[in-house]
Amino acid sequence: MSERFEVVPRCGDDPPRVKDASRVGIMRRIAAARLRHRGLEALLDDVMLILSELLTNALLHSGAKEIRLNIAVRDGFLHMAVTDGMPGSATRTYVNDKAESGRGLALVEALVKENGGDWGTSDGGAQTWCTLAVPAKERP
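Note that the coordinates shown come from a computational prediction; the quantities given were computed from them, not determined experimentally. (Residues numbered from 1 in each chain as written. Predicted model: local features only at pLDDT ≥ 70, side-chain atom pairs only at ≥ 80, totals over all residues. Heavy atoms only, no water.)

Details of the overall build of the protein chain
- The secondary structure content of the protein chain amounts to three helices and five strands.
- Overall, the protein chain shows an N-to-C arrangement of helices and strands of β-α-α-β-β-α-β-β.
- Looking at the 140 residues of the protein chain, the share that counts as buried comes to 37%.
- A sequence separation of at least 24 residues applies to 61% of the contacts in the protein chain between residues at least 6 apart.
- About 8100 Å² of surface is accessible on the protein chain, with carbon and sulfur atoms providing 50% of the total. (Helix = DSSP H or I, 4+ residues; strand = E, 2+ residues; numbered from the N terminus. Buried < 20%, exposed > 50% of the residue type's maximum accessible area, 1.4 Å probe, protein only. Contact = heavy atoms within 4.5 Å. Areas by Shrake-Rupley, 256 points an atom, 1.4 Å probe, with all protein chains shown as cover.)

Brief notes about helix α3 (residues 104-114)
- Where α3 is concerned, the buried positions are G104, L105, V108, L111 and V112. Looking straight down α3, one finds that the buried residues subtend no more than 120° of arc, so they occupy a single side. Opposite the packed face of α3, turned more than 90 degrees from it, sit the exposed residues K113 and E114.
- Tucked inside the fold, the buried residues of α3 contact α2 (44-61), β4 (118-122) and β5 (127-133).
- After α3 finishes, the residue G116 shows a positive phi value of roughly 65°. (Arc of directions from axis to C-beta.)

Details of the sheet that holds β4
- Pairing within the open sheet is antiparallel, and its five strands lie in the order β1-β2-β3-β5-β4. Edge positions in the sheet fall to β1 (2-6) and β4, since each has one partner strand and no second. With strand direction ignored, the average angle separating the axes of adjacent strands in the sheet is 15°.
- Relative to β1, helix α1 (residues 18-37) is tilted by about 170°, and along the sheet it contacts β1, β2 (66-74) and β3 (77-83). (Pairing = 2+ DSSP bridges. Axes fitted to C-alpha atoms, helices over the stretch in contact; angles between N-to-C directions.)

Regarding the packing of α2 against α3
- Remark: α2 packs on α3, axes separated minimally by 10 Å, with the N-to-C direction vectors making an angle of 145°. Here the hand of the crossing between α2 and α3 comes out left-handed. Contacts between α2 and α3 involve D46, L49, I50, E53, L54 and N57 from the first element and G104, L105, L107, V108, L111, V112 and E114 from the second.
- Classifying every residue of the contact of α2 with α3 gives eight nonpolar, two polar and three charged. (Left-handed = near helix turned anticlockwise from the far one by under 90°. Nonpolar A, V, L, I, M, F, W, Y, C, P; charged D, E, K, R; others polar.)

Structure follows, in structure tokens:
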């Protein structure tokens, strides 16, 4: 699966346009339909949360004009990549208990580890990717 959507880059701390923010939900629904079609329901909840975090990070922090999502199953793993085309890499931050944000990549890291996968950035930070092991009973 390969999808893309255009966004208007944010100015400073302004929130993203409603139209742009709604694209995250649209991409989640498309991905969910594709996963169901492939019989990968066991990964659905974790994938939806991971995609929400990765797509939202690209929307909020990259300044990109286009965001791409690629999902593929290869070699027993579900591979997901969000590409925003902007330099700079997503890095996990450590926040205190009172922080209202900043836990997204820690959550991604925990879900990926729980599912026997890995995550990181590539292409000079323009892409954040992760893999999840596909349960043996759901492999084609």
